[in-house]
Amino acid sequence: MIAGMRYCCLIICGLAIASVALSCGRDKPRDVPMMDIVNCDTPLEVTMADLVDSTHYVALETSDESILGNILSAVDAGECYVVKDERNLYTFDKQGNFISRVGHEGRADNEYVYIDTYFVDHSRKLIGVVCNYQRKISYYTFDGEFRYNLGLDADDAAIRTATVLDDGSIIASYPLANDALHPESQYRLLTEQSGGRTVSKELMPGSGISSGQMLYSPIFAPVAGLGSECYMLSPYSQILYSYRNGSVEPYCVIPYSKETPDDKFFNDRKGEDMFDLREQISNGGMSCGITAIYTDGEYLFAMIDYRDILLWDGSRGILLDGKIFDPSTGTYELGTCGGWSDENMGCIDAEAICRMRDSGILKHEGLQRIASNMKEDDNPVIYRRYFKSNLIDLLDAKL
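Residues numbered from 1 in each chain as written. Predicted model: local features only at pLDDT ≥ 70, side-chain atom pairs only at ≥ 80, totals over all residues. Heavy atoms only, no water.

Caption draft 1: Structural view of the overall build of the protein. Regarding its fold elements, the protein presents six helices and 29 strands. A buried classification covers 56% of the 399 residues belonging to the protein. A fraction of 61% describes how many contacts in the protein between residues 6 or more apart in sequence connect residues 24 or more apart. (Helix = DSSP H or I, 4+ residues; strand = E, 2+ residues; numbered from the N terminus. Buried < 20%, exposed > 50% of the residue type's maximum accessible area, 1.4 Å probe, protein only. Contact = heavy atoms within 4.5 Å.)

Caption draft 2: Expanded view of the sheet that holds strand β19 (residues 239–244). Ordered by their spatial adjacency, four strands build an open sheet running β17-β18-β19-β20, and the pairing between neighbours is antiparallel. Since the sheet does not close on itself, it has two edges, and those belong to β17 (223–226) and β20 (247–253), each with one partner. For this sheet the average axis-to-axis angle between neighbouring strands, irrespective of direction, equals 35 degrees. Pairing between β19 and β20: six bridges, direction antiparallel. Residue pairing across strands places leucine 240 opposite cysteine 252, the latter belonging to β20. (Pairing = 2+ DSSP bridges. Axes fitted to C-alpha atoms, helices over the stretch in contact; angles between N-to-C directions.)

Caption draft 3: Here's a closer look at unusual backbone geometry. The phi dihedral of arginine 135 falls on the positive side, at around 55 degrees, and the residue is not glycine. When you line up the elements, arginine 135 lands in the loop between β9 (126–131) and β10 (136–141). The partly exposed category is assigned to arginine 135, whose relative accessible area is 45%. Backbone geometry places tyrosine 236, a non-glycine residue, at a positive phi of 55 degrees. By secondary structure assignment, the location of tyrosine 236 is in the loop between β18 (229–232) and β19. The class of tyrosine 236 is buried, set by a relative accessible area of 5%.

Caption draft 4: A look at the environment of tyrosine 294. Tracing the backbone through its elements, the reader meets tyrosine 294 in strand β22 (residues 290–295). With relative accessibility at 1%, the residue tyrosine 294 sits in the buried group. Along the sequence, tyrosine 294 and valine 223 sit 71 residues apart, while their C-alpha atoms lie 7.5 Å from each other.

Caption draft 5: View of the nonpolar core. By size, the foremost hydrophobic cluster in this structure holds 34 residues, and its most contacted members are Ile171, Met232, Tyr243, Ile293 and Leu310. The element contributing the most residues to this core is β19, with four residues. In this structure isoleucine 171 touches Thr161, Ala162, Thr163, Leu165, Tyr187, Arg188, Leu189, Leu203, Val223, Cys230, Met232 and Tyr243, once residues within four positions along its chain are discounted. Counting residues in hydrophobic clusters, the runner-up holds 33 residues, among them Val46, Leu176, Met274 and Phe387. (Core = buried A, V, L, I, M, F, W, Y, C linked by side-chain atoms within 4.5 Å.)

Caption draft 6: How the structure looks around the sheet that holds strand β8 (residues 117–121). Here four strands make up an open sheet; going across it, the order is β8-β9-β10-β11 and the pairing antiparallel. This sheet does not close on itself; its edge strands, each paired only once, are β8 and β11 (146–151). Direction aside, the axes of adjacent strands within the sheet are offset by 20 degrees on average. Taken together, the six bridges between β9 and β10 define a ladder with antiparallel strand orientation.

Caption draft 7: Focus on the pattern of salt bridges. Within this structure, the stated rule accounts for 20 salt bridges. Each of Asp76, Lys94 and Arg384 takes part in one network of salt bridges that share partners. (Salt bridge = Lys/Arg side-chain N within 4 Å of Asp/Glu carboxyl O.)

Caption draft 8: Expanded view of the packing of aromatic side chains. All chains considered together, the criterion is met by 15 aromatic pairs. Relative to tyrosine 251, the ring of tyrosine 231 lies with its centre 5.3 Å away and its plane at 75 degrees, an arrangement referred to as edge-to-face. Here tyrosine 231, found in strand β18, pairs with tyrosine 251, found in strand β20; they are 20 residues apart in sequence, far enough to count as distant. Owing to a relative accessible area of 2%, tyrosine 231 belongs among the buried residues under this scheme. Relative accessible area serves as the criterion here: at 26%, tyrosine 251 is assigned to the partly exposed category. (Phe/Tyr/Trp six-rings, centres within 6.5 Å; stacked < 30°, edge-to-face > 60°.)

Caption draft 9: Region of the structure containing helix α5 (residues 365–372). Residues of α5 that are buried: Gly366, Leu367, Ile370 and Ala371. Viewed along the axis of α5, the buried residues span an arc of 130 degrees, placing them on a single side of the element. Facing away from the buried side of α5 by more than 90 degrees, the exposed set consists of Glu365 and Arg369. Summarising the contacts, the buried residues of α5 are in contact with β3 (52–59), β28 (346–348), α4 (350–359) and β29 (381–387). (Arc of directions from axis to C-beta.)

Caption draft 10: Geometry of the side chain of aspartate 121. Looking at where aspartate 121 falls in the secondary structure, it is placed in strand β8. Only 2.9 Å separates the side chain of aspartate 121 from the side chain of serine 123, close enough to count as a polar contact. Those residues in contact with aspartate 121, other than ones at most four positions away along the chain, are Leu126 and Val164. (Polar contact = N/O pair within 3.5 Å; in protein donor to acceptor, adjacent residues only side chain to side chain.)

Caption draft 11: Structural context of the pairing of strand β14 (residues 185–193). Relative to β14, strand β13 (residues 170–173) runs antiparallel, the two sharing four bridges. Counterpart to isoleucine 171 in the pairing with β14 is leucine 189. Bridge count between β14 and strand β15 (residues 197–205): eight bridges; the pairing is antiparallel. Considered in β15, the bridge of glutamate 192 is made with threonine 198.

Distances and angles like these do not, on their own, reveal function.
Below you can see the structure in the form of C-alpha coordinates.
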(Lines give C-alpha, C1' and ligand atoms only; values in the text may rest on other atoms or scores of the structure.)
Protein backbone atom coordinates (compact mmCIF):
# COMPACT_ATOMS: atom_id res chain seq x y z
CA MET A 1 0.00 0.00 0.00
CA ILE A 2 1.36 3.42 -0.89
CA ALA A 3 1.71 5.81 2.03
CA GLY A 4 1.79 9.50 1.35
CA MET A 5 0.69 12.92 2.36
CA ARG A 6 -2.38 14.47 0.76
CA TYR A 7 -3.35 18.14 0.88
CA CYS A 8 -6.89 19.32 1.58
CA CYS A 9 -8.72 21.03 -1.27
CA LEU A 10 -6.22 23.90 -1.21
CA ILE A 11 -4.48 25.63 -4.09
CA ILE A 12 -1.21 27.19 -2.97
CA CYS A 13 -1.10 30.86 -3.86
CA GLY A 14 0.70 34.04 -2.89
CA LEU A 15 0.43 37.79 -3.01
CA ALA A 16 2.65 38.27 -6.01
CA ILE A 17 1.22 38.28 -9.53
CA ALA A 18 1.86 35.08 -11.47
CA SER A 19 2.65 34.94 -15.14
CA VAL A 20 2.90 32.07 -17.57
CA ALA A 21 5.72 31.33 -19.97
CA LEU A 22 6.48 28.29 -22.07
CA SER A 23 10.08 27.36 -22.60
CA CYS A 24 9.46 24.14 -24.50
CA GLY A 25 6.60 22.14 -25.93
CA ARG A 26 4.80 19.51 -23.86
CA ASP A 27 4.85 16.06 -25.38
CA LYS A 28 1.43 14.50 -25.93
CA PRO A 29 1.86 10.71 -26.06
CA ARG A 30 0.11 8.82 -28.80
CA ASP A 31 -1.60 5.44 -28.67
CA VAL A 32 -2.60 5.85 -25.02
CA PRO A 33 -5.79 3.88 -24.28
CA MET A 34 -8.96 5.67 -23.19
CA MET A 35 -10.42 4.92 -19.77
CA ASP A 36 -13.77 3.13 -19.88
CA ILE A 37 -16.24 5.70 -18.50
CA VAL A 38 -19.98 5.04 -18.36
CA ASN A 39 -21.00 8.69 -18.94
CA CYS A 40 -18.36 10.92 -20.50
CA ASP A 41 -20.57 13.91 -21.35
CA THR A 42 -23.11 14.35 -18.56
CA PRO A 43 -21.95 14.13 -14.92
CA LEU A 44 -24.33 12.27 -12.62
CA GLU A 45 -25.76 14.31 -9.73
CA VAL A 46 -25.47 12.39 -6.45
CA THR A 47 -25.61 12.97 -2.70
CA MET A 48 -23.19 11.66 -0.10
CA ALA A 49 -25.88 9.14 0.88
CA ASP A 50 -25.54 7.61 -2.61
CA LEU A 51 -21.80 7.13 -2.15
CA VAL A 52 -21.01 6.65 1.52
CA ASP A 53 -21.67 3.60 3.67
CA SER A 54 -20.58 5.27 6.94
CA THR A 55 -18.68 8.28 8.29
CA HIS A 56 -16.48 8.22 11.39
CA TYR A 57 -16.09 11.50 13.33
CA VAL A 58 -13.41 12.25 15.93
CA ALA A 59 -13.35 15.35 18.16
CA LEU A 60 -9.79 16.57 18.73
CA GLU A 61 -8.93 17.40 22.34
CA THR A 62 -8.69 21.11 23.11
CA SER A 63 -5.94 21.95 25.62
CA ASP A 64 -3.32 24.62 26.20
CA GLU A 65 -0.82 22.48 24.27
CA SER A 66 -3.10 21.65 21.37
CA ILE A 67 -4.99 24.78 20.35
CA LEU A 68 -5.23 24.46 16.59
CA GLY A 69 -5.64 27.09 13.92
CA ASN A 70 -7.23 26.28 10.57
CA ILE A 71 -6.53 22.65 9.74
CA LEU A 72 -4.85 22.28 6.35
CA SER A 73 -4.69 18.49 6.38
CA ALA A 74 -4.97 15.46 8.63
CA VAL A 75 -3.63 11.97 8.01
CA ASP A 76 -4.79 8.64 9.42
CA ALA A 77 -1.46 7.09 10.40
CA GLY A 78 -3.00 3.84 11.62
CA GLU A 79 -2.47 4.10 15.36
CA CYS A 80 -2.87 7.90 15.51
CA TYR A 81 -3.89 10.97 13.52
CA VAL A 82 -1.33 13.48 12.24
CA VAL A 83 -2.83 16.97 11.97
CA LYS A 84 -1.35 20.05 10.28
CA ASP A 85 -2.55 23.62 10.83
CA GLU A 86 -1.05 26.82 9.35
CA ARG A 87 2.20 26.52 11.32
CA ASN A 88 2.56 23.29 13.27
CA LEU A 89 2.15 19.54 13.16
CA TYR A 90 0.44 17.51 15.91
CA THR A 91 -0.50 13.92 16.71
CA PHE A 92 -3.70 12.71 18.40
CA ASP A 93 -4.70 9.17 19.34
CA LYS A 94 -7.65 7.42 17.68
CA GLN A 95 -10.01 8.80 20.34
CA GLY A 96 -8.85 12.34 19.62
CA ASN A 97 -6.68 12.75 22.74
CA PHE A 98 -3.63 14.97 22.25
CA ILE A 99 -0.30 13.11 22.04
CA SER A 100 2.37 15.59 21.01
CA ARG A 101 3.51 18.40 18.80
CA VAL A 102 5.83 17.09 16.08
CA GLY A 103 9.09 19.05 16.14
CA HIS A 104 9.48 22.79 16.60
CA GLU A 105 10.39 25.78 14.49
CA GLY A 106 14.04 26.75 14.67
CA ARG A 107 17.45 26.18 13.13
CA ALA A 108 18.77 23.46 15.41
CA ASP A 109 19.47 20.00 14.04
CA ASN A 110 16.18 18.63 15.41
CA GLU A 111 14.11 21.65 14.28
CA TYR A 112 12.76 23.04 11.01
CA VAL A 113 12.41 26.61 9.75
CA TYR A 114 9.13 25.83 7.98
CA ILE A 115 7.02 22.80 7.02
CA ASP A 116 6.79 22.72 3.24
CA THR A 117 5.06 19.34 3.33
CA TYR A 118 4.99 16.18 5.40
CA PHE A 119 4.28 12.48 4.95
CA VAL A 120 3.78 9.34 7.02
CA ASP A 121 6.09 6.34 6.62
CA HIS A 122 3.70 3.63 7.85
CA SER A 123 6.15 0.74 7.78
CA ARG A 124 8.62 2.53 10.06
CA LYS A 125 5.97 4.47 12.01
CA LEU A 126 7.71 7.78 11.32
CA ILE A 127 6.61 11.24 10.18
CA GLY A 128 8.78 12.99 7.60
CA VAL A 129 8.85 16.80 7.63
CA VAL A 130 10.23 18.48 4.50
CA CYS A 131 11.96 21.85 4.81
CA ASN A 132 13.24 22.94 1.41
CA TYR A 133 15.03 26.00 2.81
CA GLN A 134 17.18 23.78 5.05
CA ARG A 135 17.42 21.14 2.31
CA LYS A 136 16.38 18.31 4.59
CA ILE A 137 13.71 15.83 5.60
CA SER A 138 13.44 15.48 9.38
CA TYR A 139 12.00 12.26 10.77
CA TYR A 140 9.98 12.09 14.00
CA THR A 141 8.12 9.35 15.86
CA PHE A 142 4.37 9.48 16.42
CA ASP A 143 5.23 10.70 19.92
CA GLY A 144 6.97 13.71 18.40
CA GLU A 145 10.53 12.57 19.19
CA PHE A 146 13.24 13.50 16.70
CA ARG A 147 14.99 10.58 15.02
CA TYR A 148 17.28 11.82 12.23
CA ASN A 149 17.68 14.13 9.23
CA LEU A 150 17.96 13.18 5.59
CA GLY A 151 19.81 15.74 3.47
CA LEU A 152 18.56 16.94 0.09
CA ASP A 153 20.65 18.13 -2.85
CA ALA A 154 19.97 21.69 -3.98
CA ASP A 155 18.28 20.50 -7.19
CA ASP A 156 15.87 18.34 -5.17
CA ALA A 157 14.94 20.92 -2.51
CA ALA A 158 11.75 22.40 -3.96
CA ILE A 159 9.43 19.57 -2.94
CA ARG A 160 5.71 20.24 -2.91
CA THR A 161 4.39 16.78 -1.94
CA ALA A 162 6.09 13.55 -0.95
CA THR A 163 4.80 9.99 -1.19
CA VAL A 164 6.49 6.96 0.39
CA LEU A 165 6.57 3.72 -1.61
CA ASP A 166 6.66 0.20 -0.21
CA ASP A 167 10.44 -0.01 -0.66
CA GLY A 168 10.98 3.19 1.36
CA SER A 169 11.86 5.41 -1.60
CA ILE A 170 10.03 8.72 -1.99
CA ILE A 171 8.22 10.16 -4.99
CA ALA A 172 8.65 13.93 -4.71
CA SER A 173 6.42 16.24 -6.76
CA TYR A 174 7.41 19.78 -7.71
CA PRO A 175 5.46 22.98 -8.52
CA LEU A 176 5.65 24.85 -11.80
CA ALA A 177 8.93 26.64 -12.36
CA ASN A 178 8.93 30.32 -11.41
CA ASP A 179 11.26 33.31 -11.34
CA ALA A 180 12.90 32.16 -8.08
CA LEU A 181 12.77 28.36 -8.32
CA HIS A 182 13.54 26.35 -11.42
CA PRO A 183 12.70 22.70 -10.73
CA GLU A 184 13.65 20.76 -13.82
CA SER A 185 11.30 17.90 -13.01
CA GLN A 186 7.65 17.36 -12.27
CA TYR A 187 8.58 14.26 -10.25
CA ARG A 188 11.78 12.80 -8.85
CA LEU A 189 12.47 9.54 -7.04
CA LEU A 190 14.49 10.01 -3.83
CA THR A 191 16.35 7.05 -2.34
CA GLU A 192 17.96 7.17 1.10
CA GLN A 193 21.69 6.46 1.22
CA SER A 194 24.13 5.87 4.05
CA GLY A 195 25.43 9.03 5.66
CA GLY A 196 22.07 10.74 5.77
CA ARG A 197 21.88 11.76 2.09
CA THR A 198 19.58 11.00 -0.83
CA VAL A 199 20.17 9.96 -4.41
CA SER A 200 17.58 11.27 -6.86
CA LYS A 201 16.34 10.18 -10.26
CA GLU A 202 14.08 12.14 -12.58
CA LEU A 203 10.75 10.42 -13.19
CA MET A 204 9.06 13.10 -15.31
CA PRO A 205 10.65 16.24 -16.83
CA GLY A 206 9.26 19.71 -16.18
CA SER A 207 6.14 20.85 -18.02
CA GLY A 208 7.88 23.91 -19.49
CA ILE A 209 5.31 26.27 -17.96
CA SER A 210 6.46 29.04 -15.61
CA SER A 211 4.26 30.65 -12.93
CA GLY A 212 6.27 33.89 -12.90
CA GLN A 213 6.71 35.53 -9.51
CA MET A 214 4.80 33.05 -7.37
CA LEU A 215 4.73 29.46 -6.19
CA TYR A 216 1.83 27.82 -8.01
CA SER A 217 0.59 24.46 -9.16
CA PRO A 218 -2.67 23.78 -11.00
CA ILE A 219 -2.71 20.31 -9.37
CA PHE A 220 -3.31 20.13 -5.62
CA ALA A 221 -3.14 16.33 -5.11
CA PRO A 222 -0.82 14.84 -7.75
CA VAL A 223 -0.14 11.24 -6.58
CA ALA A 224 -2.39 8.40 -5.41
CA GLY A 225 -2.25 4.62 -5.16
CA LEU A 226 -4.90 2.07 -6.09
CA GLY A 227 -4.05 -1.56 -5.40
CA SER A 228 -0.46 -2.11 -6.48
CA GLU A 229 -0.45 0.87 -8.86
CA CYS A 230 0.84 4.38 -8.18
CA TYR A 231 -0.82 7.02 -10.36
CA MET A 232 0.40 10.55 -11.13
CA LEU A 233 -0.76 13.70 -12.91
CA SER A 234 0.75 16.36 -15.16
CA PRO A 235 -0.47 20.00 -15.44
CA TYR A 236 -3.24 20.80 -17.94
CA SER A 237 -3.56 17.19 -19.05
CA GLN A 238 -6.24 14.48 -19.14
CA ILE A 239 -3.60 11.73 -19.02
CA LEU A 240 -3.29 9.48 -15.99
CA TYR A 241 0.31 8.30 -15.56
CA SER A 242 1.54 5.17 -13.79
CA TYR A 243 4.78 4.56 -11.86
CA ARG A 244 6.23 1.09 -12.41
CA ASN A 245 9.71 -0.34 -11.85
CA GLY A 246 11.39 3.03 -11.45
CA SER A 247 9.82 4.82 -14.41
CA VAL A 248 6.63 6.70 -15.27
CA GLU A 249 4.55 5.97 -18.37
CA PRO A 250 1.17 7.17 -19.64
CA TYR A 251 -1.48 4.74 -18.39
CA CYS A 252 -4.70 6.03 -19.96
CA VAL A 253 -6.56 9.13 -21.07
CA ILE A 254 -9.62 10.20 -19.10
CA PRO A 255 -12.19 11.26 -21.72
CA TYR A 256 -13.96 14.49 -20.95
CA SER A 257 -16.36 16.78 -22.81
CA LYS A 258 -13.80 19.61 -22.88
CA GLU A 259 -10.29 19.62 -24.33
CA THR A 260 -7.20 20.88 -22.50
CA PRO A 261 -5.21 23.82 -23.96
CA ASP A 262 -2.39 23.04 -26.38
CA ASP A 263 1.13 24.45 -26.55
CA LYS A 264 0.06 27.25 -28.89
CA PHE A 265 -2.42 28.49 -26.27
CA PHE A 266 0.39 28.94 -23.74
CA ASN A 267 2.87 30.30 -26.30
CA ASP A 268 0.40 33.02 -27.32
CA ARG A 269 -0.08 34.11 -23.69
CA LYS A 270 3.43 34.37 -22.32
CA GLY A 271 3.60 36.70 -19.31
CA GLU A 272 -0.13 36.65 -18.55
CA ASP A 273 -1.51 36.27 -15.04
CA MET A 274 -2.08 32.62 -14.10
CA PHE A 275 -5.54 33.24 -12.68
CA ASP A 276 -6.54 35.26 -15.75
CA LEU A 277 -5.26 32.33 -17.78
CA ARG A 278 -7.49 29.93 -15.87
CA GLU A 279 -10.47 32.17 -16.61
CA GLN A 280 -9.55 32.24 -20.29
CA ILE A 281 -9.38 28.46 -20.34
CA SER A 282 -12.87 28.27 -18.83
CA ASN A 283 -14.34 31.00 -21.07
CA GLY A 284 -12.84 29.30 -24.10
CA GLY A 285 -14.76 26.12 -23.36
CA MET A 286 -11.61 24.23 -22.35
CA SER A 287 -10.59 22.28 -19.27
CA CYS A 288 -7.62 22.61 -16.88
CA GLY A 289 -7.35 18.82 -17.00
CA ILE A 290 -7.15 16.49 -14.03
CA THR A 291 -6.54 18.70 -10.99
CA ALA A 292 -6.42 16.13 -8.16
CA ILE A 293 -6.44 12.38 -7.51
CA TYR A 294 -7.28 10.57 -4.27
CA THR A 295 -7.97 7.00 -3.27
CA ASP A 296 -9.82 5.20 -0.51
CA GLY A 297 -8.15 1.87 -1.26
CA GLU A 298 -11.00 0.50 -3.38
CA TYR A 299 -11.67 3.45 -5.69
CA LEU A 300 -9.70 6.25 -7.27
CA PHE A 301 -11.31 9.70 -7.30
CA ALA A 302 -10.07 12.20 -9.89
CA MET A 303 -11.18 15.82 -9.84
CA ILE A 304 -11.48 17.24 -13.34
CA ASP A 305 -11.28 20.96 -14.04
CA TYR A 306 -11.62 21.76 -10.30
CA ARG A 307 -15.21 20.50 -10.20
CA ASP A 308 -16.40 17.22 -11.70
CA ILE A 309 -15.38 13.95 -10.04
CA LEU A 310 -14.40 10.75 -11.79
CA LEU A 311 -14.98 7.62 -9.69
CA TRP A 312 -12.91 4.66 -10.97
CA ASP A 313 -12.55 1.11 -9.65
CA GLY A 314 -9.56 0.18 -11.79
CA SER A 315 -11.60 -1.05 -14.74
CA ARG A 316 -14.67 1.20 -15.14
CA GLY A 317 -15.37 4.81 -14.25
CA ILE A 318 -18.36 7.07 -13.79
CA LEU A 319 -18.40 10.89 -13.91
CA LEU A 320 -20.08 12.71 -11.00
CA ASP A 321 -21.10 16.31 -10.48
CA GLY A 322 -18.54 17.56 -7.96
CA LYS A 323 -20.96 19.66 -5.93
CA ILE A 324 -22.32 17.03 -3.57
CA PHE A 325 -24.99 17.48 -0.89
CA ASP A 326 -24.43 15.77 2.45
CA PRO A 327 -27.84 15.16 4.12
CA SER A 328 -26.19 14.28 7.44
CA THR A 329 -24.91 17.85 7.85
CA GLY A 330 -27.23 19.72 5.49
CA THR A 331 -24.28 21.16 3.57
CA TYR A 332 -22.73 21.04 0.10
CA GLU A 333 -19.07 20.41 -0.58
CA LEU A 334 -16.70 19.81 -3.46
CA GLY A 335 -16.14 16.11 -3.80
CA THR A 336 -12.42 15.77 -3.10
CA CYS A 337 -12.71 17.28 0.39
CA GLY A 338 -13.47 15.22 3.42
CA GLY A 339 -11.43 12.05 3.59
CA TRP A 340 -11.54 10.80 0.00
CA SER A 341 -8.27 8.96 0.61
CA ASP A 342 -7.00 6.00 2.61
CA GLU A 343 -5.09 8.49 4.76
CA ASN A 344 -6.54 11.95 4.31
CA MET A 345 -9.23 13.13 6.71
CA GLY A 346 -11.81 15.85 6.31
CA CYS A 347 -12.53 18.37 9.05
CA ILE A 348 -15.35 20.62 10.27
CA ASP A 349 -14.56 23.55 12.54
CA ALA A 350 -16.30 23.79 15.90
CA GLU A 351 -18.12 27.03 15.09
CA ALA A 352 -19.75 25.43 12.04
CA ILE A 353 -20.77 22.37 14.05
CA CYS A 354 -22.32 24.57 16.73
CA ARG A 355 -24.32 26.42 14.05
CA MET A 356 -25.53 23.12 12.60
CA ARG A 357 -26.48 21.89 16.08
CA ASP A 358 -28.36 25.05 16.96
CA SER A 359 -30.23 25.05 13.65
CA GLY A 360 -31.20 21.38 14.05
CA ILE A 361 -29.82 20.20 10.70
CA LEU A 362 -27.38 17.58 12.06
CA LYS A 363 -28.62 14.08 11.23
CA HIS A 364 -25.55 11.93 12.01
CA GLU A 365 -25.87 10.38 15.49
CA GLY A 366 -22.15 10.34 16.18
CA LEU A 367 -21.73 13.99 15.22
CA GLN A 368 -24.82 14.89 17.24
CA ARG A 369 -23.21 13.37 20.35
CA ILE A 370 -20.00 15.31 19.75
CA ALA A 371 -21.89 18.54 19.07
CA SER A 372 -23.96 18.31 22.26
CA ASN A 373 -20.96 19.32 24.41
CA MET A 374 -19.03 21.40 21.88
CA LYS A 375 -18.11 25.07 22.25
CA GLU A 376 -17.38 27.39 19.33
CA ASP A 377 -13.72 27.85 20.29
CA ASP A 378 -13.00 24.10 20.57
CA ASN A 379 -10.69 22.31 18.16
CA PRO A 380 -12.22 21.05 14.90
CA VAL A 381 -13.68 17.59 14.35
CA ILE A 382 -11.95 15.33 11.81
CA TYR A 383 -13.71 12.60 9.90
CA ARG A 384 -13.24 9.83 7.38
CA ARG A 385 -15.79 8.40 4.95
CA TYR A 386 -16.15 4.72 4.05
CA PHE A 387 -17.63 4.11 0.62
CA LYS A 388 -20.11 1.53 -0.55
CA SER A 389 -19.03 -1.63 -2.33
CA ASN A 390 -19.93 -2.12 -6.01
CA LEU A 391 -20.37 1.64 -6.26
CA ILE A 392 -19.95 1.81 -10.05
CA ASP A 393 -22.80 -0.66 -10.58
CA LEU A 394 -25.00 1.13 -8.06
CA LEU A 395 -24.46 4.51 -9.71
CA ASP A 396 -24.73 3.10 -13.24
CA ALA A 397 -28.25 1.99 -12.36
CA LYS A 398 -29.15 5.63 -11.62
CA LEU A 399 -28.28 6.84 -15.13
